[in-house]
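Structure assessment
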Amino acid sequence: MILFGKKPEPQPTLYTEQTCGSCGDRERRPFEQGDYVFKDGVRCAKCNSATLVTAIYGEYPPEKKG
Amino acid sequence: MLDFSQLFLQLGGEMGEFDPANPMMYVYIISLATIPFFMLYGQRMQGKVILGEISKSMLKLKTMKDNARLDTIDYVKQVVPQQDPTLRIDKFLEYFTIMPVDMDPAGLVRKVEHVMRTRDDRMRAEVRKICPGIDNYEASKIENMLEAATALNMIYKVVRHFYLMGKRTTSVFVLVQLQMVMPLLLEEADALKKAIATFRQGQPIGDSIGPMVVGKMMLGKEKKLVAQETVYAQSEHNGRKIYLLKAEGPAGTVGRPGEAMQRLAGDLGVRLDAVIMIDAALKLEGERTGDVAEGIGAAIGGIGVEKYQIEEVATRLGVPVYAVIVKQSVLDAITIMRKEIADSFDRVTETVHAVIEDKTEEGQSVLVIGVGNTMGVAQ
(Lines give C-alpha, C1' and ligand atoms only; values in the text may rest on other atoms or scores of the structure.)
Protein backbone atom coordinates (compact mmCIF):
# COMPACT_ATOMS: atom_id res chain seq x y z
CA MET A 1 0.00 0.00 0.00
CA ILE A 2 1.35 3.41 -0.96
CA LEU A 3 0.74 5.82 1.91
CA PHE A 4 2.25 9.01 0.55
CA GLY A 5 2.43 8.18 -3.15
CA LYS A 6 1.42 10.78 -5.71
CA LYS A 7 -2.00 10.27 -7.25
CA PRO A 8 -1.83 9.77 -11.03
CA GLU A 9 -2.71 12.99 -12.81
CA PRO A 10 -6.15 12.86 -14.46
CA GLN A 11 -5.96 13.26 -18.23
CA PRO A 12 -8.73 15.01 -20.16
CA THR A 13 -10.61 13.29 -22.97
CA LEU A 14 -10.69 15.60 -25.98
CA TYR A 15 -13.96 16.16 -27.79
CA THR A 16 -15.14 18.11 -30.81
CA GLU A 17 -18.75 19.25 -30.54
CA GLN A 18 -20.71 19.99 -33.70
CA THR A 19 -24.11 21.62 -33.97
CA CYS A 20 -26.58 21.13 -36.80
CA GLY A 21 -27.56 24.39 -38.49
CA SER A 22 -31.03 23.02 -39.25
CA CYS A 23 -32.31 20.93 -36.32
CA GLY A 24 -29.89 22.32 -33.70
CA ASP A 25 -28.79 18.84 -32.66
CA ARG A 26 -25.49 18.80 -30.81
CA GLU A 27 -23.22 15.85 -31.23
CA ARG A 28 -19.77 15.24 -29.86
CA ARG A 29 -17.04 13.01 -31.19
CA PRO A 30 -13.36 12.48 -30.32
CA PHE A 31 -11.11 15.38 -31.38
CA GLU A 32 -9.29 14.89 -34.66
CA GLN A 33 -6.14 16.65 -35.81
CA GLY A 34 -7.12 19.63 -37.98
CA ASP A 35 -10.39 20.36 -36.14
CA TYR A 36 -11.01 23.96 -35.16
CA VAL A 37 -14.00 25.88 -33.83
CA PHE A 38 -16.41 27.16 -36.55
CA LYS A 39 -15.05 24.72 -39.12
CA ASP A 40 -17.67 22.89 -41.19
CA GLY A 41 -18.54 19.60 -39.53
CA VAL A 42 -19.76 16.34 -41.00
CA ARG A 43 -23.44 15.98 -42.05
CA CYS A 44 -26.00 15.80 -39.24
CA ALA A 45 -26.85 12.22 -38.30
CA LYS A 46 -30.52 13.15 -37.73
CA CYS A 47 -31.46 15.40 -40.65
CA ASN A 48 -28.40 15.20 -42.94
CA SER A 49 -27.97 19.01 -42.90
CA ALA A 50 -24.67 20.86 -42.66
CA THR A 51 -23.13 21.12 -39.19
CA LEU A 52 -20.60 23.47 -37.66
CA VAL A 53 -17.94 22.71 -35.06
CA THR A 54 -19.08 24.83 -32.10
CA ALA A 55 -16.67 23.72 -29.40
CA ILE A 56 -13.50 21.76 -28.78
CA TYR A 57 -12.82 20.90 -25.17
CA GLY A 58 -11.17 18.54 -22.74
CA GLU A 59 -13.36 16.72 -20.25
CA TYR A 60 -11.73 15.59 -17.01
CA PRO A 61 -13.03 12.57 -15.10
CA PRO A 62 -15.17 13.65 -12.13
CA GLU A 63 -13.18 14.10 -8.91
CA LYS A 64 -13.74 11.45 -6.27
CA LYS A 65 -14.93 12.95 -2.99
CA GLY A 66 -13.60 11.78 0.34
CA MET B 1 41.03 16.59 32.12
CA LEU B 2 37.43 17.79 32.27
CA ASP B 3 35.80 17.65 35.65
CA PHE B 4 32.05 17.01 35.39
CA SER B 5 31.59 16.54 39.11
CA GLN B 6 30.11 20.04 39.56
CA LEU B 7 27.65 19.43 36.72
CA PHE B 8 26.69 16.04 38.14
CA LEU B 9 26.22 17.61 41.53
CA GLN B 10 23.97 20.25 40.03
CA LEU B 11 22.01 17.65 38.10
CA GLY B 12 21.77 15.67 41.29
CA GLY B 13 20.37 18.73 43.04
CA GLU B 14 17.85 19.36 40.32
CA MET B 15 16.79 15.82 39.63
CA GLY B 16 17.39 13.99 42.82
CA GLU B 17 20.43 12.02 43.89
CA PHE B 18 23.09 11.60 41.13
CA ASP B 19 23.57 8.00 40.33
CA PRO B 20 26.09 7.14 37.57
CA ALA B 21 24.43 3.75 37.24
CA ASN B 22 21.10 5.38 36.31
CA PRO B 23 20.93 5.49 32.46
CA MET B 24 18.41 8.37 32.56
CA MET B 25 21.20 10.66 33.77
CA TYR B 26 23.04 10.17 30.46
CA VAL B 27 19.85 10.92 28.54
CA TYR B 28 19.62 14.25 30.38
CA ILE B 29 23.26 15.06 29.64
CA ILE B 30 22.94 14.20 25.95
CA SER B 31 19.71 16.24 25.70
CA LEU B 32 21.47 19.26 27.16
CA ALA B 33 24.49 18.79 24.91
CA THR B 34 22.35 18.82 21.73
CA ILE B 35 21.18 22.40 22.43
CA PRO B 36 24.53 24.07 21.64
CA PHE B 37 25.00 21.60 18.76
CA PHE B 38 21.77 22.71 17.07
CA MET B 39 22.55 26.35 17.91
CA LEU B 40 25.78 26.02 15.97
CA TYR B 41 24.81 23.65 13.16
CA GLY B 42 20.99 23.79 13.01
CA GLN B 43 20.83 26.37 10.26
CA ARG B 44 23.40 24.52 8.20
CA MET B 45 21.44 21.29 8.55
CA GLN B 46 18.23 23.10 7.58
CA GLY B 47 20.08 24.49 4.56
CA LYS B 48 21.09 20.97 3.52
CA VAL B 49 17.51 19.74 3.77
CA ILE B 50 16.23 22.70 1.71
CA LEU B 51 18.98 22.20 -0.87
CA GLY B 52 17.89 18.58 -1.24
CA GLU B 53 14.26 19.61 -1.75
CA ILE B 54 15.14 22.33 -4.24
CA SER B 55 17.43 20.05 -6.22
CA LYS B 56 14.55 17.56 -6.57
CA SER B 57 12.27 20.32 -7.88
CA MET B 58 15.07 21.55 -10.15
CA LEU B 59 15.38 18.11 -11.64
CA LYS B 60 11.65 18.20 -12.44
CA LEU B 61 12.06 21.64 -14.03
CA LYS B 62 15.04 20.45 -16.05
CA THR B 63 13.08 17.47 -17.36
CA MET B 64 10.17 19.75 -18.33
CA LYS B 65 12.52 22.24 -20.03
CA ASP B 66 14.35 19.50 -21.95
CA ASN B 67 11.10 17.84 -23.03
CA ALA B 68 9.67 21.19 -24.17
CA ARG B 69 12.77 21.76 -26.29
CA LEU B 70 12.66 18.26 -27.75
CA ASP B 71 8.91 18.48 -28.46
CA THR B 72 9.41 21.76 -30.32
CA ILE B 73 12.35 20.41 -32.35
CA ASP B 74 10.40 17.24 -33.08
CA TYR B 75 7.35 19.21 -34.27
CA VAL B 76 9.42 21.50 -36.50
CA LYS B 77 11.13 18.43 -38.00
CA GLN B 78 7.67 17.03 -38.75
CA VAL B 79 6.57 20.24 -40.47
CA VAL B 80 9.83 20.80 -42.36
CA PRO B 81 11.66 17.47 -42.63
CA GLN B 82 14.29 18.81 -45.04
CA GLN B 83 16.44 20.58 -42.45
CA ASP B 84 17.58 20.18 -38.86
CA PRO B 85 16.26 23.10 -36.77
CA THR B 86 18.10 22.16 -33.54
CA LEU B 87 20.78 24.86 -33.67
CA ARG B 88 18.35 27.65 -34.52
CA ILE B 89 15.87 26.57 -31.85
CA ASP B 90 18.62 26.33 -29.21
CA LYS B 91 19.71 29.85 -30.15
CA PHE B 92 16.12 31.03 -30.00
CA LEU B 93 15.60 29.64 -26.49
CA GLU B 94 18.33 31.97 -25.25
CA TYR B 95 16.78 34.98 -26.95
CA PHE B 96 16.07 37.88 -24.56
CA THR B 97 14.27 41.22 -24.54
CA ILE B 98 15.56 44.32 -22.75
CA MET B 99 12.79 46.58 -21.48
CA PRO B 100 13.23 50.34 -21.99
CA VAL B 101 14.51 52.56 -19.21
CA ASP B 102 11.76 53.68 -16.79
CA MET B 103 13.60 56.54 -15.03
CA ASP B 104 11.62 58.99 -17.16
CA PRO B 105 8.17 57.40 -17.37
CA ALA B 106 6.78 59.88 -19.92
CA GLY B 107 6.11 58.03 -23.17
CA LEU B 108 7.17 54.72 -21.65
CA VAL B 109 4.22 52.75 -23.08
CA ARG B 110 5.17 53.74 -26.62
CA LYS B 111 8.73 52.59 -25.99
CA VAL B 112 7.52 49.28 -24.53
CA GLU B 113 5.19 48.88 -27.49
CA HIS B 114 8.08 49.48 -29.88
CA VAL B 115 10.28 46.92 -28.12
CA MET B 116 7.50 44.32 -27.99
CA ARG B 117 6.56 44.82 -31.65
CA THR B 118 10.21 44.43 -32.63
CA ARG B 119 10.41 41.26 -30.53
CA ASP B 120 7.25 39.83 -32.12
CA ASP B 121 8.45 40.67 -35.64
CA ARG B 122 11.82 39.12 -34.91
CA MET B 123 10.14 36.00 -33.58
CA ARG B 124 7.96 35.67 -36.67
CA ALA B 125 10.96 36.19 -38.95
CA GLU B 126 12.93 33.59 -37.02
CA VAL B 127 10.11 31.03 -37.33
CA ARG B 128 9.94 31.72 -41.07
CA LYS B 129 13.68 31.10 -41.30
CA ILE B 130 13.40 27.85 -39.34
CA CYS B 131 10.41 26.68 -41.40
CA PRO B 132 10.42 28.36 -44.80
CA GLY B 133 7.21 28.20 -46.80
CA ILE B 134 4.78 27.23 -44.02
CA ASP B 135 1.34 28.83 -43.68
CA ASN B 136 0.32 31.27 -40.94
CA TYR B 137 -1.55 28.63 -38.94
CA GLU B 138 1.46 26.31 -38.65
CA ALA B 139 3.78 29.27 -38.02
CA SER B 140 1.59 30.47 -35.14
CA LYS B 141 1.64 26.99 -33.59
CA ILE B 142 5.44 26.97 -33.67
CA GLU B 143 5.59 30.55 -32.33
CA ASN B 144 3.41 29.60 -29.36
CA MET B 145 5.40 26.42 -28.71
CA LEU B 146 8.67 28.34 -28.87
CA GLU B 147 7.33 30.97 -26.51
CA ALA B 148 6.31 28.33 -23.94
CA ALA B 149 9.66 26.52 -24.31
CA THR B 150 11.53 29.82 -23.85
CA ALA B 151 9.52 30.61 -20.70
CA LEU B 152 10.31 27.16 -19.28
CA ASN B 153 13.98 27.61 -20.09
CA MET B 154 13.97 30.98 -18.31
CA ILE B 155 12.24 29.59 -15.19
CA TYR B 156 14.81 26.79 -15.00
CA LYS B 157 17.75 29.16 -15.41
CA VAL B 158 16.51 31.59 -12.73
CA VAL B 159 15.85 28.75 -10.25
CA ARG B 160 19.28 27.27 -10.97
CA HIS B 161 20.87 30.71 -10.43
CA PHE B 162 19.37 31.11 -6.95
CA TYR B 163 20.02 27.46 -6.07
CA LEU B 164 23.71 27.74 -6.92
CA MET B 165 23.95 31.14 -5.22
CA GLY B 166 22.40 29.72 -2.05
CA LYS B 167 24.76 26.77 -2.21
CA ARG B 168 27.84 28.93 -2.79
CA THR B 169 27.05 31.47 -0.08
CA THR B 170 25.52 28.78 2.22
CA SER B 171 22.80 31.34 2.84
CA VAL B 172 19.74 29.66 4.21
CA PHE B 173 17.73 32.85 3.57
CA VAL B 174 18.24 32.69 -0.19
CA LEU B 175 17.28 29.01 -0.16
CA VAL B 176 14.20 29.53 2.02
CA GLN B 177 12.89 32.21 -0.38
CA LEU B 178 13.41 29.86 -3.31
CA GLN B 179 11.75 27.01 -1.41
CA MET B 180 8.72 29.21 -0.71
CA VAL B 181 8.09 30.13 -4.36
CA MET B 182 8.98 26.69 -5.73
CA PRO B 183 5.42 25.20 -5.63
CA LEU B 184 4.11 28.18 -7.61
CA LEU B 185 6.96 27.95 -10.12
CA LEU B 186 6.38 24.22 -10.55
CA GLU B 187 2.69 24.87 -11.13
CA GLU B 188 3.47 27.46 -13.78
CA ALA B 189 6.07 25.21 -15.40
CA ASP B 190 3.59 22.34 -15.47
CA ALA B 191 1.03 24.61 -17.16
CA LEU B 192 3.62 25.61 -19.79
CA LYS B 193 4.55 21.98 -20.38
CA LYS B 194 0.91 21.07 -21.01
CA ALA B 195 0.42 24.19 -23.14
CA ILE B 196 3.05 22.93 -25.59
CA ALA B 197 1.02 19.76 -26.22
CA THR B 198 -2.13 21.86 -26.76
CA PHE B 199 -0.43 24.27 -29.18
CA ARG B 200 1.03 21.35 -31.08
CA GLN B 201 -2.48 20.05 -31.77
CA GLY B 202 -3.85 23.54 -32.56
CA GLN B 203 -6.60 23.18 -29.96
CA PRO B 204 -8.40 26.11 -28.36
CA ILE B 205 -7.14 27.01 -24.89
CA GLY B 206 -9.08 28.44 -21.93
CA ASP B 207 -8.01 31.95 -22.93
CA SER B 208 -9.79 31.45 -26.28
CA ILE B 209 -13.28 31.84 -24.78
CA GLY B 210 -13.45 35.59 -25.62
CA PRO B 211 -12.52 35.10 -29.31
CA MET B 212 -14.90 32.12 -29.42
CA VAL B 213 -17.92 34.18 -28.31
CA VAL B 214 -17.11 37.03 -30.72
CA GLY B 215 -16.17 34.55 -33.49
CA LYS B 216 -19.68 33.06 -33.30
CA MET B 217 -21.20 36.55 -33.57
CA MET B 218 -19.03 37.19 -36.63
CA LEU B 219 -20.19 34.10 -38.54
CA GLY B 220 -21.67 35.00 -41.91
CA LYS B 221 -20.56 38.66 -41.65
CA GLU B 222 -17.93 40.33 -43.79
CA LYS B 223 -14.61 40.36 -41.94
CA LYS B 224 -12.10 43.15 -42.52
CA LEU B 225 -8.49 43.37 -41.38
CA VAL B 226 -8.14 46.38 -39.06
CA ALA B 227 -4.69 45.80 -37.52
CA GLN B 228 -2.06 43.09 -37.77
CA GLU B 229 -3.74 39.68 -37.26
CA THR B 230 -6.92 41.44 -36.06
CA VAL B 231 -10.29 41.48 -37.83
CA TYR B 232 -13.57 43.27 -37.29
CA ALA B 233 -17.12 42.83 -38.56
CA GLN B 234 -20.37 44.77 -38.28
CA SER B 235 -23.54 43.37 -36.84
CA GLU B 236 -26.80 44.51 -35.29
CA HIS B 237 -28.57 43.75 -32.03
CA ASN B 238 -31.93 45.20 -30.98
CA GLY B 239 -31.43 48.39 -32.94
CA ARG B 240 -27.81 48.90 -31.84
CA LYS B 241 -24.91 48.81 -34.28
CA ILE B 242 -22.37 46.26 -33.06
CA TYR B 243 -18.70 46.27 -34.07
CA LEU B 244 -17.11 42.90 -33.40
CA LEU B 245 -13.35 42.64 -32.95
CA LYS B 246 -11.06 39.66 -32.43
CA ALA B 247 -7.70 38.24 -33.43
CA GLU B 248 -7.76 36.42 -36.77
CA GLY B 249 -8.14 32.69 -36.20
CA PRO B 250 -7.74 29.80 -36.22
CA ALA B 251 -4.06 30.76 -35.94
CA GLY B 252 -2.69 31.14 -32.41
CA THR B 253 -2.47 34.88 -31.98
CA VAL B 254 -3.85 37.56 -29.67
CA GLY B 255 -3.87 40.19 -32.42
CA ARG B 256 -3.62 43.92 -31.68
CA PRO B 257 -6.98 44.96 -30.17
CA GLY B 258 -5.59 48.26 -28.81
CA GLU B 259 -4.28 49.38 -32.16
CA ALA B 260 -7.48 48.13 -33.84
CA MET B 261 -9.68 50.18 -31.50
CA GLN B 262 -7.51 53.26 -32.13
CA ARG B 263 -7.98 52.76 -35.88
CA LEU B 264 -11.71 52.15 -35.64
CA ALA B 265 -12.28 55.26 -33.54
CA GLY B 266 -9.71 57.29 -35.49
CA ASP B 267 -9.06 56.58 -39.18
CA LEU B 268 -12.32 54.70 -39.78
CA GLY B 269 -14.39 57.30 -37.90
CA VAL B 270 -16.56 54.80 -36.02
CA ARG B 271 -18.64 56.46 -33.30
CA LEU B 272 -18.50 54.35 -30.13
CA ASP B 273 -21.00 54.62 -27.28
CA ALA B 274 -19.77 51.63 -25.27
CA VAL B 275 -17.03 49.03 -25.33
CA ILE B 276 -17.53 45.49 -24.02
CA MET B 277 -14.49 43.29 -23.51
CA ILE B 278 -14.74 39.52 -23.06
CA ASP B 279 -11.73 37.81 -21.57
CA ALA B 280 -10.54 34.93 -19.42
CA ALA B 281 -9.60 36.03 -15.90
CA LEU B 282 -7.62 34.30 -13.20
CA LYS B 283 -9.88 32.83 -10.57
CA LEU B 284 -9.12 32.95 -6.88
CA GLU B 285 -8.70 29.66 -5.00
CA GLY B 286 -12.18 28.44 -4.11
CA GLU B 287 -13.88 30.01 -7.12
CA ARG B 288 -15.29 27.71 -9.78
CA THR B 289 -13.77 27.33 -13.23
CA GLY B 290 -16.13 28.67 -15.89
CA ASP B 291 -18.00 31.14 -13.66
CA VAL B 292 -19.01 34.28 -15.55
CA ALA B 293 -18.74 37.72 -13.94
CA GLU B 294 -19.42 41.22 -15.12
CA GLY B 295 -17.57 44.42 -14.26
CA ILE B 296 -16.12 47.71 -15.39
CA GLY B 297 -12.74 48.41 -17.00
CA ALA B 298 -10.47 47.07 -19.71
CA ALA B 299 -10.35 43.29 -19.36
CA ILE B 300 -7.07 42.46 -21.06
CA GLY B 301 -3.81 40.99 -19.83
CA GLY B 302 -0.34 41.15 -21.28
CA ILE B 303 2.39 43.64 -20.63
CA GLY B 304 -0.04 46.60 -20.57
CA VAL B 305 0.40 48.20 -24.00
CA GLU B 306 -2.98 47.10 -25.40
CA LYS B 307 -4.72 47.95 -22.12
CA TYR B 308 -3.19 51.42 -22.19
CA GLN B 309 -4.29 52.00 -25.79
CA ILE B 310 -7.87 50.91 -25.09
CA GLU B 311 -8.09 52.99 -21.91
CA GLU B 312 -6.58 55.97 -23.70
CA VAL B 313 -9.17 55.93 -26.52
CA ALA B 314 -12.03 55.24 -24.08
CA THR B 315 -11.00 58.11 -21.79
CA ARG B 316 -10.44 60.54 -24.66
CA LEU B 317 -13.86 59.79 -26.14
CA GLY B 318 -15.59 59.37 -22.77
CA VAL B 319 -16.76 55.88 -23.68
CA PRO B 320 -17.58 53.44 -20.84
CA VAL B 321 -15.72 50.12 -20.91
CA TYR B 322 -17.55 47.05 -19.59
CA ALA B 323 -15.93 43.70 -18.91
CA VAL B 324 -17.31 40.18 -19.02
CA ILE B 325 -14.91 37.60 -17.68
CA VAL B 326 -14.75 33.81 -17.46
CA LYS B 327 -12.89 32.60 -14.39
CA GLN B 328 -10.13 30.01 -14.72
CA SER B 329 -6.72 29.08 -13.34
CA VAL B 330 -3.36 29.73 -15.04
CA LEU B 331 -3.28 26.08 -16.07
CA ASP B 332 -6.80 26.25 -17.56
CA ALA B 333 -5.98 29.49 -19.41
CA ILE B 334 -3.09 28.05 -21.42
CA THR B 335 -4.08 24.41 -21.85
CA ILE B 336 -6.94 22.70 -23.75
CA MET B 337 -10.24 24.47 -23.00
CA ARG B 338 -12.01 22.66 -20.18
CA LYS B 339 -15.61 21.59 -20.69
CA GLU B 340 -16.66 23.94 -17.85
CA ILE B 341 -15.24 26.90 -19.80
CA ALA B 342 -16.78 25.79 -23.11
CA ASP B 343 -20.11 25.38 -21.28
CA SER B 344 -19.95 29.05 -20.21
CA PHE B 345 -20.27 30.10 -23.87
CA ASP B 346 -24.06 30.64 -23.80
CA ARG B 347 -23.93 32.46 -20.44
CA VAL B 348 -21.23 34.83 -21.75
CA THR B 349 -23.25 35.55 -24.90
CA GLU B 350 -26.38 36.25 -22.81
CA THR B 351 -24.40 38.53 -20.47
CA VAL B 352 -22.97 40.49 -23.41
CA HIS B 353 -26.45 40.93 -24.91
CA ALA B 354 -27.81 41.99 -21.50
CA VAL B 355 -25.04 44.61 -21.12
CA ILE B 356 -25.75 45.93 -24.64
CA GLU B 357 -29.48 46.25 -23.86
CA ASP B 358 -28.98 47.74 -20.37
CA LYS B 359 -26.20 50.19 -21.04
CA THR B 360 -26.98 51.49 -24.51
CA GLU B 361 -30.01 52.78 -26.36
CA GLU B 362 -31.33 52.07 -29.81
CA GLY B 363 -29.29 53.72 -32.55
CA GLN B 364 -26.07 53.65 -30.50
CA SER B 365 -22.87 51.78 -31.43
CA VAL B 366 -21.08 49.21 -29.31
CA LEU B 367 -17.66 47.67 -29.78
CA VAL B 368 -17.44 44.05 -28.55
CA ILE B 369 -13.87 42.77 -28.23
CA GLY B 370 -13.06 39.09 -27.82
CA VAL B 371 -9.76 39.27 -25.99
CA GLY B 372 -7.33 36.34 -25.89
CA ASN B 373 -5.41 33.83 -27.94
CA THR B 374 -7.61 32.63 -30.81
CA MET B 375 -5.77 29.34 -31.31
CA GLY B 376 -8.15 26.86 -32.92
CA VAL B 377 -11.02 29.37 -33.16
CA ALA B 378 -12.05 30.78 -36.54
CA GLN B 379 -14.69 33.45 -37.19
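Please refer to the structure placed before this passage.
These figures come from a predicted structure and were not determined experimentally.

How each quantity is defined
Residues numbered from 1 in each chain as written. Chains lettered and ligands numbered in written order. Predicted model: local features only at pLDDT ≥ 70, side-chain atom pairs only at ≥ 80, totals over all residues. Heavy atoms only, no water. Pairing = 2+ DSSP bridges. Helix = DSSP H or I, 4+ residues; strand = E, 2+ residues; numbered from the N terminus. Axes fitted to C-alpha atoms, helices over the stretch in contact; angles between N-to-C directions. Contact = heavy atoms within 4.5 Å.

**A short note on the sheet that holds strand β5 (residues 292-296) of chain B**
All names here are of chain B.
- Here seven strands make up an open sheet; going across it, the order is β1-β2-β3-β7-β4-β6-β5 and the pairing mixed. Looking at strand neighbours, the two that pair on one side only are β1 (224-227) and β5, the edges of this open sheet. The sheet shows a mean angle of 30° between the axes of neighbouring strands, direction not considered.
- The pairing of strand β3 (residues 240-247) with strand β7 (residues 365-370) spans six bridges and is parallel. When the bridges of β7 are listed, K241 appears paired with S365.
- Where helix α7 (residues 209-218) meets the sheet, it contacts β2 (230-237), β3, β4 (274-282), β6 (321-328) and β7, and its direction lies at approximately 130° from that of β3.
- Sheet contacts for helix α8 (residues 257-265): β1, β2, β3, β4 and β7; angle to β1, the most-contacted strand, approximately 105°.

**Considerations on the sheet that holds strand β3 (residues 51-59) of chain A**
Residues and elements named next belong to chain A.
- One open sheet holds the three strands; their spatial order is β2-β1-β3, and the pairing between them is antiparallel. The open sheet terminates on both sides in strands that have one partner only, identified here as β2 (26-30) and β3. For this sheet, the mean inter-axis angle between neighbouring strands, taken without regard to orientation, is 25°.
- Pairing of strand β1 (residues 13-20) with β2 involves five bridges; the strand directions are antiparallel. Paired with T19 across the bridge in β2 is R26.

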